[in-house]
Structures are given as structure tokens and as C-alpha cells.
Amino acid sequence: MRKRILLLLVCLGLFALSAAGSDDLAPHVVSVHVTQQRWDHHSPWQKFSPQTAHIFGTVISGGYILTEAYPLADHSMIQFTKMGENRKYTGTVVLKDYNSNLAIIRPEETSFFADLLPVKLALPGIPEGDCTTVVWENGGILKTYKTSYLKSYVKTYRYTGLSLCHRMTTDQSKAGRGEPVFNRQGELMGIISNSFPTDKSVEVLSIDSIRRFLTDLEDGNFQGIPFYWVETSALKGDNNLKGYLGIGESEEGLYVSKIAPFSSGREAFLPGDVLQAIDGTAIDDNGTYEDPFYGKLHYSALLFLRKQVGDPVTARIVRKGRKREVSFRLEPVEPGRFLIQPENSDEQPGYVIWGGMLFQELTRDYLTSYGREWREKADSRLLYLYDYFEAYPEAGRNRIVILNKVFPDAVNTGYQGLQNQVLEKVNGITAEDLSMLQDYLGTCKDTYLVFEFTGGVKVVLLREKAEEANTAILKNYGIFSVSSF
Amino acid sequence: MKHLIPLTGLILLFLGCATGDFSRSLEKQTIINRAATVKIISVAQAPNHYRPWEMENYQTFSGSGAILKDGSIITNAHVVADSRYLLVIKENDPRRYEARILFVGHECDLALLKVDDPGFYEGTTHLELAKTVPSLNSVVTTYGFPVGGDRISITKGVVSRIKIDTYVHQWKSAFLLVQTDAAINPGNSGGPVLQNGEIAGIAFQASGEGENIGYMIPTGIIRHFLDDVADGSYDGFPDLGILWSTLDNQSLKSYLNVPDGSGGIYVKTILPGGSAEGHLEAGDAILSVDGVPIADDGSIAFESGRIMFGYLVDQKQVGEAVACEILREGSIISLEFDLYPTELRIRNYYQYETKPRYFIYGGIVFQSLSINYLEMWEEWWNKADPLLLYYFGYNLTDELYPHREEFVVINKVLPDAANLYVTDVSDMVVDTVNGMRINRMEDLEEALKQPINGYIVITLDGGGAPVVLSARDAAASHNRILQSYGIPRDRELN
């Protein structure tokens, strides 16, 4: 009897495998050749050399291709190939969402889809048995790799991104380029976004995140991941802290320490609250909850994974020792409200050159442009502002305007060593952001311009002399435009 | 620390050109100089900043020194820093003589020693200090005991540059120094650099960049040190207590209405507690110091060239007055005020013979933020905790917690049943304890006595949940923790 069951299982397994054979999966997978040209954030009028990467896309219904968003940042050209053919089709981006690291792209010619098939999306849940990755290697060779599920977790991206990801084993040596992962039924269960060659595993953006993204798209009004920036610390069984906060030792939750002024839930929470449950689902001392599909997940999944912007949320908190319910609605991310702008804006970094002084806004891209060891190389004051004020605009200041460097010229003698200075005021007026500075410099008729920087550094220039010199400075240093505006 | 110069063609040529009389007098002078130059061996032991209740293993250093008229021996502070045991050796004497430190000035890298055994002085001579700075391109001779060895080493070089630069031993101040083309080796430190039989300077540091760049402390700084200690105590060098920038931008000069033909410097920041507080203001231009006009780049006329105006301040003893002519809101004002050293909230210079300040309660090790603390990180200047680095780098200029007299850091938590849930706290700056601001280490004692509802509550800079201990458990744990971690004292607040 036991043998018979085993036999049956093996048959089912074979059936499933054959259903998801690589030839069957090939029409779901296309090659995407992305040419990226990143802005040089330290010389913001120019770009670095273009680079082309070969990533993968998955055919979904409606004549669209699904892939990762990050590899498409600052793209200048997208080309598709399919079914191992050499013919290239140009394409365009329909939507890039860095907050879920997902993008929809499409070829300009609909004939591209002639021999392709949209993939079927898997249902949420841990995949049973081995999964398959199918990719087109260079030379048009179809390759199949085996992957299997290890665990699930919520991944956060700077600065507002959230995805449900799976860690899966792989026998593929070079992965992490948007390769689709199919379950035994040949349905899409995720796309690979990252690889960890040392332990032969990959990070897979889950079908849950993909479904959420596609659902969001359905009504034509894509709103993305809700914006929720509430800084918390896990109580981790700290009975002293619990006693001080007025909750029993058996009660669990998270300590709320800081709330961004434009986060969803900003009016619901106060620093010092203990967050115990979202929509009736309990949050434990590690900040996780028991997910019906994936086991323990970080509680933020309760706010984005199966919810959309506009949805109501009810939270159970303890405030000053008393339990209460608070509710709020999920609001969209508004990157413009950040004091320090996120990376991958796909836009030219803003700059203004005046009197040979290069003014920019402090952005994450500016800091990371120092390279891999940017946290060691960047100025510690700028790093401090980034670490502690990123999502917290100050009164009267939308952005942090910085003096990147000074192009030496007779007019700016004495100031030429200044770099990475934080601009506070111009002629006594708070430097709210770069466009305000640009406007002010363009309209000011005062004899002098007095720039005040954090820490007592002051630059005084005769306005007319500085303006006159600026044109020559731009020419001398080969800069073709006085500003990005 | 000075490098041996091999007998090069240049020096041989020089000797070859000398007359017989000259070479005999040179020989005599060499004998005198040798008899006034000694080798110094110091056994030094520095505190352990990671476990501030402990000392590091001892290390033995050697340097050189010169005997002065009163029998004291002048050498570098870095030769005798943190010394526990000090020996002086004469070149042709097999005995070793115990010495003691009379005075040490770490910022000027000078120390004065004394050998109590009168037998030591048999056969020694002494050296006088030259009255002036040696001129550029003049020949100087270095005496000392480089890279070990009990035989004296004599090398020649020329004065290749005179400038104001950092004295790296304490990394606190920049003073006048004289560069010679003799490269410098460990062991030369503290030895005399002679010209015409007088001390032209004390060899003390070398450049890591370039070749044959060695430095000596000129006699002006040595005299300042000797005059300072004449009253029996070392007070150090005063400073203006300001941060300044140059006035070499013509727009800035015309904005400030600096008179035609006049130069000066621009005062950016007045350091709290510094000499200039209450006298100078940010935004002032200092036009002259003690009647000496300052140029737009901050320099003054010096010898046949120019040097930074700080030279004038470095001539002063603590408590002496300085006269400044300043420009404030278009008017020229004459000011006079007394000069003192500026105490810093976060010491950015090295300390010696000083135990780290610490305080332990409930297993939490509180310490004071300083360069010595940051040095616990390898390549600390970019690898140390970023918040600590920011405080370190910008506490003088940015308005950071003006009420704090020092920054109190939790170095680590010594695990115990009383602090089980906070053992991962490290390198965090303390804001409050039990609701009271911690502006200095001494505040901890009072604040810890007033728990909130039976809990010790510590908030940290940068947010996050507070560190909470049960006041009863913490009190009960105190002796147990000290005992189990082998800590003889729970605090060092000197």
C-alpha cells in the first residue's frame, strides 16, 4: 500500500515536471538589453560612459514584459530579443517602481509577441518541490536551472521600498538579472533580483509582490507602496523596558521612537507608544507576525503586502500604560517631500553655478557617488544629515543645499578650498532648496551676496563681479550650462 | 627622531676645505657637544581605553637628550610620555642613571628631566640655547642615539625651511618648526641640533612624505617652555580661542569696509570658554596683533620672509595680554584681553599621564568621547562610528548640544543578569539619565540616584528605545559585576 502511494507521488511529480519543461517555458522569457547612462552627481552637467546590461523579462498578459526596476535606472535604450533569435526590437518603459523594484516595459512592435506566451501567475504560498529558472544565454542558447525555496522575508530598499522576497538555492552561477522562477506547474512564482554566489542562493521577488504591483496597475492609477516611515525598536523580551512602559511581561510589541512628519499613521502614533497589532494580527517582541503563507514576517508586510494606498488600517497600541486602538489610512509615497532625495530619480541632478561655486542638493545619489566605501569617504556632517534627517524636513527647508566645490578663479579667491558645505542662508534668507536659490540669484539686485554656511563659514561676493566672472569660469572649465534649470 | 646622514661628499668637501686650526677647534667642540648629549630609556605604560580600568602592557622607548646649564636634561615629551621608569645613559659611561621628570609639555613636545645622582654629572658638559632661529641653508649638526646603539651619532644637514606646522605628538597645536634635510630616525628624538656650539633646536619629528625632511623645535619654543616652568608649574601655550579664515577675497574686504592697504583675518567662530569670548565677535576682522599688521592670508613679516600670525600668540605665556586692532561693523576698535588655553568639549588631541574618565553602573561602562576613545577603531578617522565622528569633527562649529561640557558615551555593557536585554548597546552617546541631562560624567552619579518608578532610564542620541534597567537589580549587581569582571574601581573621574 505504502509503495503504491509512493509510486503515485512519483508519477505526479513527473507529470508536473513535464508540464513545466524548459521548451514550454521558453515563450515566457525574453532577453532585455538595457543601456544605462548614470549622471555624474559630482559634476552634474555630465554623464558617465554608457553601459549595456543583459537582463531578463517575463511575458505577462496585455502585451507587456515584467522585469526589475533597478537595472532600468537612468536608461537611455531598451532592446529585446527572444527565442534565441538575433533580431532586436526596441522598447520603452511603461512604469518603473523602485519601491517594489518592479517595472513594466514593452516592445514598440506588437509583432514581437507572435511566438510568445503570457505567463500564468502562481498563487501566494511556498512553492512545492523544485522550481525552474529559464534564461536565454548569449548566443541564443536556452538554459534551465533548478532552484528550491529556503525562506521568506521582507526586504526594504532605500528609502521607501518594500518587497516580500524568498531566498532560494540555485545551481546557476551568474544570477540576479530578473530571471523568472517557475513552479512545478510552470507558473511564475517570482523573479530573481539578487544573487549570493558564496552560498549558491538567490533572492527572488515573490509573486505576492508582483501580484500586488499588477493589482495596483489595474485601475490605471498606480499608487505604489504605501508610505510608512515609523521608526521602531523591537522589545525583544526586555522586561525592564516593558515594566517602564507599563505593559506586562507577557505582552509583546514594538517601541515606537520616531515618526516621519508625512508618513501614513503620523497622527495615530506618538513616540513612546508600543505597537502590538495591525488589523487584529498580533506583532511579537521581534517585530514579526505569523503570516498564513510564509510564517514569521516583519510586521511591515501587514501594511503593504495585501494592502493598497487608501486602505484603512487599525492598530492596537499601548500609550502611557493604557491600551487603545488607533486607525489611519495608507497614503502614497511622495518623494518630493523628503529632505534628502532618494536614489534613481532618473533625472539630471539639480545644480547652480554662481561665482564659480557649484551648488547642489544633498541627495542619496550624491553620497553614494563616492563609490562602494561612500560611508567612509563622505563628509561626516553630510552623512549625519542623511542618517538622521532623511525623511524629516525642517521648518522652512525643503532640501539641503550644499556647496559641492568651487571652481578656482580670481573672483572666488579665499573660498576655493570650500567643499561639501551646507548652505543656510543667502543675504539672510533661508536657502529652502535649489530652485529658490536659483530664483534668488537671478533676481537679487543687492550689491553683495552673503552666503552663510553651517558652522560659521561665510562667503561674500560682489554680485556683479561674480556674475560677470561666472561666464568665463564656465567656459574655462568646459561647463556648457550655468544650471540644470 | 633624526635620521643618520652618511658622510656625503658635501660634508667631506667641507672638512677638506677647513684649516688645521679650524678642524682642531671643531674637534674640541665635538667633544664638548658629545659630553652634553645623553641617551634616554623610558619604560612607558599607557592606559587601555577599551577597558579603562586597566593599563596596557609596558613598552620600552629610547631617545636622546641634552644637558642644560642647570644640570637638567631637555628632551622630547614623546620620549618620556606615560613613563614609569626612566634611565639616562652617557656615551662613555657603563652606568645607567635613574632620572625623573621635572616638567613635561606635551603640546610643544618638550620635557625637562633631572638625574639625582651627582656622580652622573662627572665628565659632562652643558649646552646653551642659541638666541635666534638658524638661518635658511645654514649648516646644523645633530647629536643623538638613533635606532638604538650606545655610541653617539653625529650628522650634518642644512636648515631647509622654517614654518609653522603641527607638533604631532599631542596633535594639539601648530608652532614654529625648523626643517632640515637630515631625515629623522627613532632614537634621535630629543637630541640637540647644534650650530656654533649652541642648541639651534631639539630634533623631534620627521615627515612621512618625501625624503630627508626632519624637524627640530626652535629655541623660541624651548625658551617659552623653560620660562613657563620657571615658576614651578607647566601652564602651556595660550590661544585666541577662535576659528578664522583669510581675508584675501576682495569682495569680502570691501563688504567689511577694510581700509585700503590694510590686511587681516576674518573671525568665523568664537570658541566657548576661549580667550576671545566676550572680546571678539564672529564677523570681526583682526587687522593687527600687538601692533604687527596681519596680511590677507593671515601672515606677518618674519625674519626675511613671512609666517602665520599665530606665531605672535605662541610667544605669550598663559595669562599674558594680547592687543588686537579689529574692524567691527566698519569701525576700527582696539582691544586687549588676557590669553588662556581653550578647554575643548571633545578633546581632539592626545592625552598622556592621564587615566581615561569612566563610570560603571549596572555593568554599563560610561566614558568620555575624545580622540583616544575614537582611536579604538583601526583607521578611526573614517571607520569609527559615524555619529561619534560627526560630533568629533564638528562640535566646535555646529550648534551641537551647547549645554554639554563633554559627550558621555556608553562604551559597552558588561553582561550580567541585571542588564540582560541591553548588552548590545555600545558606542552610543547618552542624552539623559532618569530624565536629567548628562552634560558631563559627574552628572551620572546624581542622575542615577533618582530612578523613575523603580527604573533607571537612559536615553541616547539618535533616538531608539531607551536603555532601561531595574534600579533595584542594577544596585544589587554593582559589586558582583565589578568583582566578576576584575574591575578594581567603578569610576575614574580625574
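Residues numbered from 1 in each chain as written. Chains lettered and ligands numbered in written order. Predicted model: local features only at pLDDT ≥ 70, side-chain atom pairs only at ≥ 80, totals over all residues.

## Quick look at the overall build of chain B
So, step 1. Regarding its fold elements, chain B presents 11 helices and 28 strands.
So, step 2. Along the first, second and third principal axes, the C-alpha set of chain B runs to 90 × 65 × 40 Å. (Helix = DSSP H or I, 4+ residues; strand = E, 2+ residues; numbered from the N terminus.)

## Observations regarding the domain arrangement of chain A
Where the parts come together, the accessible area they lose is often given as the size of the interface.
Residue and element names in this part refer to chain A.
So, step 1. Domain parsing of chain A yields domain 1 (23–225), domain 2 (230–291 + 298–329) and domain 3 (336–476).
So, step 2. For domain 1 versus domain 3, the separation of C-alpha centres amounts to 38 Å.
So, step 3. Counting from both sides, the interface comprises 11 residues of domain 1 and, opposite them, 15 residues of domain 3.
So, step 4. Class assignment of the residues belonging to the side of domain 1 that touches domain 3 gives a composition of seven nonpolar, two polar and two charged. (Domains from an automatic or database assignment. Contact = placed C-beta atoms within 7 Å. Nonpolar A, V, L, I, M, F, W, Y, C, P; charged D, E, K, R; others polar.)

## With respect to the sheet that holds strand 8 (residues 153–166) of chain B
Residues and elements named next belong to chain B.
So, step 1. Taken together, the six strands give a closed barrel; going around it, the order is 7-8-9-12-11-10, and neighbouring strands pair in antiparallel fashion. Going across the sheet, the axis of each strand differs from the next one's by a mean of 45 degrees, ignoring polarity.
So, step 2. Relative to strand 9 (residues 174–180), strand 8 is paired through seven bridges, and the arrangement is antiparallel. Considered in strand 9, the bridge of T166 is made with A174.
So, step 3. Lying over the sheet, helix 4 (residues 219–229) contacts strand 9, strand 11 (198–206) and strand 12 (214–218), oriented at roughly 45 degrees with respect to strand 12. (Pairing = 2+ DSSP bridges. Axes fitted to C-alpha atoms, helices over the stretch in contact; angles between N-to-C directions.)

## A word on the domain arrangement of chain B
Residue and element names in this part refer to chain B.
So, step 1. For chain B, the assigned domains read domain 1 (1–235), domain 2 (242–338) and domain 3 (358–492).
So, step 2. The distance between the C-alpha centroids of domain 1 and domain 2 comes to 34 Å.
So, step 3. Contacts between domain 1 and domain 2 engage eight residues on the former and eight residues on the latter.
So, step 4. Listing elements by their share of the side of domain 1 that touches domain 2, those giving two or more residues are strand 9 and helix 4.
So, step 5. A per-class count over the side of domain 1 that touches domain 2 returns five nonpolar, no polar and three charged.

## What about the nonpolar core?
So, step 1. In this structure, F359(A), A285(B), I286(B), F366(B), L444(B) and I456(B) are the most contacted members of the largest nonpolar core, which totals 191 residues.
So, step 2. Of all the elements, helix 9 (residues 386–394) of chain B adds the most residues to this core, at six residues.
So, step 3. The contact partners of I286(B), leaving out residues within four places of it in the chain, are G264(B), I265(B), V267(B), I294(B), C324(B) and I326(B).
So, step 4. Counting 52 residues, the second-largest nonpolar core is a separate cluster that includes V38(B), I40(B), A99(B) and Y167(B). (Core = buried A, V, L, I, M, F, W, Y, C linked by C-beta atoms within 7 Å. Buried ≥ 20, exposed ≤ 12 C-beta atoms within 10 Å, placed from the backbone.)

## Overview of the pairing of strand 27 (residues 467–470) of chain B
Residues and elements named next belong to chain B.
So, step 1. Side chains of strand 27 alternate between two faces, with V467 and L469 and V468 and S470 buried alike.
So, step 2. Note that strand 26 (residues 455–460) and strand 27 share four bridges and pair antiparallel. Residue pairing for strand 27: I456 is matched across the bridge by L469.

## Details of the interface of chain A and chain B
So, step 1. Opposite the 32 residues of chain A that make contact, chain B presents 32 residues.
So, step 2. Mapped onto the side of chain A that touches chain B, the elements with two or more residues apiece are strand 13 (230–234), helix 4 (239–245), strand 14 (254–259), helix 7 (374–377), helix 8 (380–389) and strand 27 (458–462) of chain A.
So, step 3. Of the residues in the side of chain A that touches chain B, the class split is 12 nonpolar, 11 polar and nine charged.

## Details of helix 10 (residues 463–476) of chain A
All names here are of chain A.
So, step 1. Counted at 1.5 Å a residue, the expected span for helix 10 with its 14 residues is 20 Å, and the 20 Å between its end C-alpha atoms agrees.
So, step 2. Remark: the principal bend of helix 10, roughly 30 degrees, maps to N470.
So, step 3. All of the buried residues in helix 10 are A466, A469, N470 and I473.
So, step 4. Packing partners of the buried residues in helix 10 comprise strand 21 (351–354), strand 26 (448–453) and strand 27.
So, step 5. Where helix 10 ends, the next residue or the one after it, G478, has phi of about 70 degrees, a positive value. (Expected span 1.5 Å × (residues − 1). Bend = angle between axes of the 7 residues up to and from the residue.)

## Digging into helix 8 of chain A
So, step 1. S380(A), R381(A), Y384(A), L385(A) and Y386(A) are the residues of helix 8 of chain A that are buried.
So, step 2. Among the structural elements, helix 6 (364–368) and strand 24 (421–426) of chain A together with helix 9 of chain B are those in contact with the buried residues of helix 8 of chain A.

## Some details on the sheet that holds strand 5 (residues 96–105) of chain B
Residue and element names in this part refer to chain B.
So, step 1. Within the closed barrel, the six strands sit side by side as 1-2-3-6-5-4. Their pairing is antiparallel. For this sheet the average axis-to-axis angle between neighbouring strands, irrespective of direction, equals 40 degrees.
So, step 2. Here two bridges tie strand 2 (residues 59–67) to strand 3 (residues 73–75), and the two strands are oriented antiparallel to one another. Bridged to A66 within strand 3 is I74.
So, step 3. Each of strand 3, strand 5 and strand 6 (110–115) touches helix 4; the most contacted strand, strand 6, lies at about 60 degrees to it.

## Some thoughts on unusual backbone geometry
So, step 1. Phi is positive for K320(A), close to 50 degrees, though the residue is something other than glycine.
So, step 2. Counting through the fold element by element, K320(A) comes out in the loop between strand 19 (312–319) and strand 20 (322–329).

## Regarding the packing of helix 8 of chain A against helix 9 of chain B
So, step 1. For the pair helix 8 of chain A and helix 9 of chain B, interaxial distance at closest approach is 9 Å and the crossing angle is 130 degrees. By the criterion of interaxial angle, the relationship of helix 8 of chain A to helix 9 of chain B is oblique. For the pair helix 8 of chain A and helix 9 of chain B, the crossing hand works out as left-handed. Across the interface between the two elements, S380(A), R381(A), L383(A), Y384(A) and D387(A) of helix 8 of chain A pack against P386(B), L387(B), L389(B), Y390(B), G393(B) and Y394(B) of helix 9 of chain B.
So, step 2. By residue class, the composition of the contact of helix 8 of chain A with helix 9 of chain B is seven nonpolar, two polar and two charged. (Parallel < 35°, antiparallel > 145°, perpendicular 65-115°, else oblique. Left-handed = near helix turned anticlockwise from the far one by under 90°.)

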